[in-house]
Amino acid sequence: MDFGRILILIPLILLSFVSSNDSHSIIRMRTDLSDSYAGVRKIRVDDSLYCDSWRFVIEANDAGKWSTVPKRCLEFVKEYMTGGRYTSDSEIVADYAVAFAKTVNVSTNRKDAWVFDIDETLLSNLPYYRDNEYGSEPFDEASFDLWVDSSVAPALPASLRLYNELRKLNFTIFLLTGRTENQRTSTIENMLFAGYSGWEKLFLRGASDLGKLATVYKSEKRREIESAGYTIHGNSGDQWSDLTGFAVATRSFKLPNPMYYIA
Ligand SMILES: [Mg+2]
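Parameters at a glance
- Residues numbered from 1 in each chain as written.
- Predicted model: local features only at pLDDT ≥ 70, side-chain atom pairs only at ≥ 80, totals over all residues.
- Helix = DSSP H or I, 4+ residues; strand = E, 2+ residues; numbered from the N terminus.
- Buried ≥ 20, exposed ≤ 12 C-beta atoms within 10 Å, placed from the backbone.
- Contact = placed C-beta atoms within 7 Å.
- Pairing = 2+ DSSP bridges.
- Axes fitted to C-alpha atoms, helices over the stretch in contact; angles between N-to-C directions.
- pLDDT = per-residue confidence, 0-100.
- Parallel < 35°, antiparallel > 145°, perpendicular 65-115°, else oblique.
- Nonpolar A, V, L, I, M, F, W, Y, C, P; charged D, E, K, R; others polar.
- Expected span 1.5 Å × (residues − 1).
- Arc of directions from axis to C-beta.

Considering the overall build of the chain
Per the secondary structure count, the chain includes nine helices and five strands. Ordered by position from the N terminus, the helices and strands of the chain form the series α-α-α-α-β-α-α-α-β-α-β-α-β-β. In the chain, which comprises 263 residues, the share counted as buried stands at 30%. Relative to all contacts within the chain whose residues are 6 or more apart in sequence, the contacts with residues 24 or more apart total 76%.

Shown next, in the form of structure tokens:
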């Protein structure tokens, strides 16, 4: 082999080394990506991550109407409701509601109003749902009505705190619930049992309200309140149907509820 050929071969040999290393790094890179995709797939099937995202979607009302908690999320919802996060989320909602309430210039004419829903807002039906699979079973109206009649639902502590703060600030408080007129006595008994008092009026569904969507029924009642000369500054509820429609409050405060949906 003459010197000229050696000069040509040396760069070719070096190139083959570099090329080999490049190929190796490309293969490694593909392997690494493949590993990370596998990781993503693994996380995607993880119930905890899925159910956390599901909870976000239903709280944001992105899912629209839904009927029951997915079975795979039963444990997640149970943990959410009983493990401290529900309490924490509710407390922070109440903090923002109190902060807003303090910015309102409440007049002495008693016309500054706040509207509260009752179930999963002022009262917690968690003892009932604990015995009924946290909303992962279809709603059973008969057993829920028996629970309502027992009048022993505890207060949602964050909402009781907000309620009492609003009374101190001289807001006039209206209770607006999807419960029916035949539940008036048990509802009042339960509210007093849970530590609430001093509301202006309790609205329940009367005969002419039966069959109406909650959004419509509640909007009509809010309009009634406004027609009586009140300004509804705040509205607290666990359902979007408590808060949307017409005659909406200046500020609406959505409480968490991953157990059921009311249109
Ligand atoms: Mg409610």
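There's plenty left to go through after this.
Quick word on the sheet that holds strand β2 (residues 172–180)
Two orientations exist for strands paired in a sheet by backbone hydrogen bonds: parallel and antiparallel. One open sheet holds the five strands; their spatial order is β3-β2-β1-β4-β5, and the pairing between them is parallel. Only two strands of the sheet have a single neighbouring strand rather than two, namely β3 (201–205) and β5 (251–254). Along the sheet, successive strands turn relative to each other by an average axial angle of 20°, direction set aside. By the bridge criterion, four bridges tie β2 to β3 in an arrangement that is parallel.

Some words on the confidence of the model for the chain
On average, residues of the chain carry a pLDDT of 88, and 83% of them reach 70 or more. Below a pLDDT of 50 lies the segment residues 6–44, which in the model reaches two contacts outside its immediate sequence neighbourhood of four places, other chains included.

Section: the packing of helix α4 (residues 85–101) against helix α7 (residues 157–168)
Where α4 meets α7, the closest approach of the two axes is 8 Å, and the angle between their N-to-C directions is 10°. Taken together, α4 and α7 sit at an angle that is classed as roughly parallel. Residues Ser90, Glu91, Val93, Ala94, Ala97, Val98 and Ala101 of α4 touch α7, and the partners they reach there are Ala158, Ser159, Arg161, Leu162, Glu165 and Leu166. In terms of residue class, the contact of α4 with α7 is built from eight nonpolar, two polar and three charged.

Considerations on α7
Here α7 contains 12 residues, and its C-alpha end-to-end distance of 17 Å stays within 8% of the 16 Å for a straight helix at 1.5 Å per residue. Three or more residues of α7 are buried, namely Ala158, Ser159, Leu162, Tyr163 and Leu166. Seen from one end, α7 has its buried residues packed into an arc of 135°, which puts them on one side. Those residues of α7 that are buried are in contact with α4, β1 (112–116), β2 and β4 (231–237). At the exit of α7 stands Asn170, carrying a positive phi of roughly 75°.

Quick notes on the pairing of β1
Judged by how many residues are buried, β1 sits mostly within the fold: five of five residues are covered. Both faces of β1 are covered, namely the face carrying Asp112, Trp114 and Phe116 and the face carrying Ala113 and Val115. Strand direction decides the pairing type here: β1 and β4, joined by five bridges, are parallel. Note on β4: the bridge partner recorded for Phe116 is Ser236. Of the strand pairs in this sheet, β1 and β2 are connected by four bridges, and their pairing is parallel. Bridge assignment links Trp114 to a residue of β2, and that residue is Ile173.

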